[in-house]
Amino acid sequence: MFSLAEGCGCVSFRGGRRARSMGDDSSSCRSSEIEQEVPKKLSKRLLNGECTMKALAPFLKFWKRDTVSMTKAERTMKAAILIQQWYRRYLARMEVRRRYTWTIFQSIEYAGEQDQVKLYNFFNALLSHMRETSGRPSSERTSRTASVMEQVFSEESDEGGGVDETALPKHSRGPDLEFPLQRKDIDLLIEAFRKKKHRLHPKQVAQILKEASQMLKRLPNINVATTSISSQITICGDLHGKLDDLLVIFHKNGLPSPENPYIFNGDFVDRGKKGLEVFLLLLACMLAFPGGVYLNRGNHEDLIMNSRYGFIREVQQKYRHNAERLLKLIENVYRWLPLGTIINNRVFVVHGGISDTTDLDMVRSLERDKYVSLLRPPVNEGASPAEVIDKVEWKQVFDILWSDPQSISGCVANALRGAGTYFGPDVTATFLSKNKLSFIVRSHECKPGGYEILHNGNVITIFSASNYYELGSNKGAYLKLCGNSLDRQFVQYTAAVSRTRRLTFRQRVGLVESSAMRELHSHIMTARRTLEATFRSMDLDQSGFISISDWCYAMEETTHLGLPWRMLKDKLVRTDPETRRVRYMDTFDVPTNKVGRKSDAQTVVETLYKNKRSLEAIFKILDKDNSGYITLEEFSEACQLLGKYMPNPMTQEQLVDICRLMDINKDGLVDLNEFLESFRLAEKSLHEDENTLAELQAT
């Protein structure tokens, strides 16, 4: 209960009744006791959510008291409780917005990765079809097939030779590094990258890549790290081209050394604008500080992923005259990156995760350099038993680089990403027990706080790229394991603090939300034709309106993003207030807010038909007899395979019509020039249709 000193004349709560003490009737001491203690201490605790309802019971009895008859302390408490209720509702609304925004970003990100796996599946099916129908699976045919795959997916030049040393960057040759690299060279490199003074000379870029490849070749598939010398080790997750985050880590935790070792757990490039700088700085640190840097391979250390998510484009923009040769060297580094690291024989650090079939002995013994790309597994010469073994090996690597943990037991295919698995706590416990390990540290997933602990502490996710989706969307984090007991210490941070500090919480949520809606709109526009057809089939009276349930069903069935469409409808469409029906054509309206990041995602079609070299390779795959022409039979067989990986497979009559349309000179055969021209005209027509629709909507 609440009481004051006798003779003060202030309020005394005894037995639930309000009484006035004997003595001075003035309320002068309220200022010293109630007005200071209650408002300052109790109301502050109240706003922070620290006070329980039981502690506030004496004040709540006077909740309905007339304001005139209430004391100042009672009015203060009532106001504090009202503010608390309002603030909690406000935070709840912001949290709902943050969560559905997060879901949009993740769903679109995983859908893009799923498209890449589908692309691999299609070409793998074509190659398998070629071997089955050729009737002569000789080593010559196999090597020719492999070279075709190289042309389809690789951006490398067919010309040999080293880097063109005479082709200087645009401004200057940059910092002058001396090999072998030492601490002073790392300082020069950091200074040049941080201040954006000059680009590194392509000759020095090539030198770093070549020496890094040689060092990586000598390492085992699973690195062995220890804290016996350093007494600590730092684990960093995905950086994705965020140089600012890497520099923040080095500033907070110090540069790498044998006494301060680091493990960087893959996904160094893509998405961010400084992927090349991040990659070169990590490789340079590995060369300058032997035993101070351990690099694990991630699923984005793959040129096929780089072609979709921006790293290849970044290299081509920064080194136009040398990009192809540098990309060949980068690919060679990818091949030799270790697949994981074990610390003190107790902690398994890997980019993705595990599955119920993960076998560390098999991972240790496989030839990792033959997996130039996990989306392009090697085609083996010889009999089918060897091919089966290779597929088992390939799955081992795929699972540890692409898998994600789940809260429920079991191990199922990762349908959201299209590759790897979802593994439960039971799978984790079995794996740890079998390999006598304590816990797993992995990355691969963006988390709002930069890290997450799952499976009763047996799985830790670390993600080191802050502001990953948008400014203010998430924190970055790294993990320090200290001492022989490997005590865990998480360090969170945010790059670009000066910019984020100027934004309120509501502004940060709004900025991320607007960016997410723009990403979602781009994804919706790629499926516009299918969506429009579905909407019109539901609109039986052609009124332009359908029910909310029908709209949500159509959106999910077409996009397969797994989003809360009913919650998002107010952001995407207008609803008739009387009939509660959705005006479905609003779904395709362009968002008015243009602030935020620009989407760098590409569709599967854009990836396939991006350049002439890829089209030529596709033509060679379709032309089974190497005659230089595609017949109707060859085209039909290939399209039947293609139909397995497309949402709407075509009939035989439609295939015949398409082949006849491509036969521009009407000789019954399709040559390479006709094939290329057909795709050029189709792409041009598609853009013209989209522009016409945009103009109609604007008017």
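Residues numbered from 1 in each chain as written. Predicted model: local features only at pLDDT ≥ 70, side-chain atom pairs only at ≥ 80, totals over all residues. Heavy atoms only, no water.

Caption draft 1: Broad picture of helix H17 (residues 528-538). Of all the positions in H17, only Arg 528, Leu 531, Glu 532 and Phe 535 are classed as buried. Relative to the axis of H17, the buried residues are bounded by an arc of 100 degrees and lie together on one face. (Buried < 20%, exposed > 50% of the residue type's maximum accessible area, 1.4 Å probe, protein only. Helix = DSSP H or I, 4+ residues; strand = E, 2+ residues; numbered from the N terminus. Arc of directions from axis to C-beta.)

Caption draft 2: Structural context of the sheet that holds strand E16 (residues 487-493). Taken in spatial order, the five strands line up as E6-E5-E4-E15-E16 in an open sheet, and their pairing is mixed. Edge positions in the sheet fall to strand E6 (293-295) and E16, since each has one partner strand and no second. Geometrically, the sheet is characterised by an average inter-axis angle of 20 degrees between neighbouring strands, direction not taken into account. Inspection of the sheet shows strand E15 (residues 476-482) paired to E16 by seven bridges, in the antiparallel sense. Bridge assignment links Gly 476 to a residue of E16, and that residue is Tyr 493. Lying on the sheet, helix H8 (residues 275-288) is in contact with strand E5 (262-264) and E6; it crosses E6 at an angle near 130 degrees. (Pairing = 2+ DSSP bridges. Axes fitted to C-alpha atoms, helices over the stretch in contact; angles between N-to-C directions. Contact = heavy atoms within 4.5 Å.)

Caption draft 3: Up close: the packing of helix H18 (residues 548-559) against helix H19 (residues 565-572). Remark: H18 packs on H19, axes separated minimally by 10 Å, with the N-to-C direction vectors making an angle of 100 degrees. Between H18 and H19, the interaxial angle falls into the category roughly perpendicular. Counted together, Ile 548, Ser 549, Trp 551, Cys 552, Met 555, Glu 556 and Thr 559 of H18 and Trp 565, Arg 566, Lys 569 and Leu 572 of H19 form the full contact between these two elements. When its residues are assigned to classes, the contact of H18 with H19 shows six nonpolar, two polar and three charged. (Parallel < 35°, antiparallel > 145°, perpendicular 65-115°, else oblique. Nonpolar A, V, L, I, M, F, W, Y, C, P; charged D, E, K, R; others polar.)

Caption draft 4: Region of interest: the sheet that holds strand E10 (residues 411-413). Across the sheet, which stays open at both edges, the three strands sit in the order E9-E11-E10 with mixed pairing between neighbours. Each edge of the open sheet carries a strand with a single partner, namely strand E9 (404-405) and E10. Note that E9 and strand E11 (residues 421-423) share two bridges and pair parallel. Each residue of the ladder has a partner; that of Pro 405, found in E11, is Phe 423.

Caption draft 5: Examining unusual backbone geometry more closely. Backbone torsion omega between Phe 179 and Pro 180 reads 0 degrees, so that peptide bond is classified as cis. The residue Pro 180 is located in the loop between helix H4 (139-153) and helix H5 (183-195) in this model. You will see that Asn 467, though not glycine, has its phi angle at about 50 degrees, which is positive. Counting through the fold element by element, Asn 467 comes out in the loop between strand E14 (459-462) and E15. For Arg 580, which is not glycine, the phi torsion reads 60 degrees and is therefore positive. Relative to the elements of secondary structure, Arg 580 occurs in the loop between H19 and strand E18 (581-583).

Caption draft 6: Here's a closer look at the side chain of Asp 404. Its location among the elements puts Asp 404 in strand E9. Judged by relative accessible area, which is 0%, Asp 404 ranks as buried. A polar side-chain atom of Asp 404 sits 2.7 Å from a polar atom in the side chain of Arg 442. The contacts of Asp 404, once residues within four sequence positions are left out, are Asn 414, Arg 417, Thr 421, Tyr 422, Phe 423, Arg 442, His 444 and Glu 445. (Polar contact = N/O pair within 3.5 Å; in protein donor to acceptor, adjacent residues only side chain to side chain.)

Caption draft 7: The arrangement of helix H6 (residues 202-217) in detail. In a regular helix each residue adds 1.5 Å, so 16 residues correspond to 22 Å; H6 covers 23 Å between its end C-alpha atoms and thus fits that length. The complete set of buried residues in H6 reads Pro 202, Gln 204, Val 205, Ala 206, Ile 208, Leu 209, Ala 212, Ser 213, Met 215 and Leu 216. Packed against the buried residues of H6 are H8 and helix H11 (323-336). (Expected span 1.5 Å × (residues − 1).)

Caption draft 8: Structural context of the nonpolar core. In terms of nonpolar packing, the biggest core is built from 58 residues, with Leu 209, Phe 264 and Leu 281 touching the most fellow members. Looking at this core element by element, the count peaks at 12 residues for H8. If you look at the next biggest cluster of nonpolar residues, it comprises 28 residues, including Ile 304, Leu 339, Leu 401 and Ile 440. (Core = buried A, V, L, I, M, F, W, Y, C linked by side-chain atoms within 4.5 Å.)

Caption draft 9: Examining the pattern of salt bridges more closely. Counted by the stated rule, this structure contains 20 salt bridges. Among the salt bridges present, the one from Arg 364 reaches Asp 361, with a minimum N-O distance of 3.4 Å. Note that Arg 364 and Asp 361 are positioned in helix H12 (residues 360-365) at a spacing of three residues, about one turn of the helix. Note on Arg 364: relative accessible area 43%, which makes it partly exposed. With a shortest N-O distance of 2.7 Å, Arg 528 and Glu 532 are connected by a salt bridge. Here Glu 532 and Arg 528 lie together in helix H17, a separation of four residues that amounts to about one turn. Summarising the burial analysis for this pair, Arg 528 and Glu 532 share the class buried. (Salt bridge = Lys/Arg side-chain N within 4 Å of Asp/Glu carboxyl O.)

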